[in-house]
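Tertiary structure, described
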Amino acid sequence: MKHFVDVHVGKKLKQIRRHRRMSQTDVAQQLDISFQQVQKYEMGTNRIAASRLFELAQVLNVPTSYFFEGMKAEDDEKKTRDADAQILDALAAIKDDRLKLRIMSFVNDICGVAEARTA
């Protein structure tokens, strides 16, 4: 099973490689590896060793921290999904449609959704 960190790092690798208009072969040649290995890195199938990540950062001219930007801990994402599911379950259990609409309107107001719709 793929680890969420390996998948995230692979997506970031693909993103910056394409941004730099480099092919998988271009990157592979600079690292003296096969383009298939770069493919596996990008899919998160193969983990990238710290030394290889450092080399990739140099080839792509980014700090090594770039590959971890935007990553949330898996536990944080699971907690958010669980909380969202609880809210949806509770809302679905309300039988009064008018009350549901008032609650949804209130939540949208808190989130700023109403402002975004009128802007």
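Because the structure is predicted, anything quoted here is derived from the model rather than measured. (Residues numbered from 1 in each chain as written. Predicted model: local features only at pLDDT ≥ 70, side-chain atom pairs only at ≥ 80, totals over all residues. Heavy atoms only, no water.)

Structural notes on a nonpolar patch on the surface
Residues Leu99, Ile103, Phe106, Val107 and Ile110 make up a contiguous nonpolar surface patch of roughly 440 Å² in combined accessible area. With respect to the helices and strands, the residue Val107 is situated in helix 6 (residues 97–111). (Patch = residues over 30% accessible without salt bridge, like charges linked within 9 Å, V, L, I, M, F, W, Y side chains within 5 Å. Areas by Shrake-Rupley, 256 points an atom, 1.4 Å probe, with all protein chains shown as cover. Salt bridge = Lys/Arg side-chain N within 4 Å of Asp/Glu carboxyl O. Helix = DSSP H or I, 4+ residues; strand = E, 2+ residues; numbered from the N terminus.)

Digging into unusual backbone geometry
Although it is not a glycine, Arg21 sits at a positive phi angle of roughly 55°. Position of Arg21 among the secondary structure elements: in the loop between helix 1 (4–19) and helix 2 (24–31). With phi around 55°, Asn61 is a residue other than glycine that occupies positive phi space. Relative to the assigned elements, Asn61 resides in the loop between helix 4 (50–60) and helix 5 (74–93). Look at Asn61 and you get exposed, because its relative accessible area is 63%. (Buried < 20%, exposed > 50% of the residue type's maximum accessible area, 1.4 Å probe, protein only.)

Considerations on the nonpolar core
If you look at the biggest cluster of nonpolar residues, it comprises 19 residues, and the most contacted ones within it are Leu13, Val27, Ile48, Leu56, Leu60, Val62 and Phe67. Among the elements of the structure, helix 1, helix 2, helix 3 (35–43) and helix 4 are those that each provide at least two residues to this core. No other element matches helix 4, which puts 5 residues into this core. (Core = buried A, V, L, I, M, F, W, Y, C linked by side-chain atoms within 4.5 Å.)

Some remarks on the packing of helix 1 against helix 3
Helix packing for two helices is described by the angle between their axes and how far apart those axes are. The interhelical angle for the contact between helix 1 and helix 3, taken along N-to-C directions, is 120°, at an axis separation of 6 Å. In terms of their interaxial angle, helix 1 and helix 3 are classed as oblique. Between helix 1 and helix 3, the residues in contact are Asp6, Val7, Gly10, Lys11, Leu13, Lys14 and Arg17 and Tyr41, Glu42 and Met43, respectively. The class makeup of the residues in the contact of helix 1 with helix 3 is 4 nonpolar, 1 polar and 5 charged. (Axes fitted to C-alpha atoms, helices over the stretch in contact; angles between N-to-C directions. Parallel < 35°, antiparallel > 145°, perpendicular 65-115°, else oblique. Contact = heavy atoms within 4.5 Å. Nonpolar A, V, L, I, M, F, W, Y, C, P; charged D, E, K, R; others polar.)

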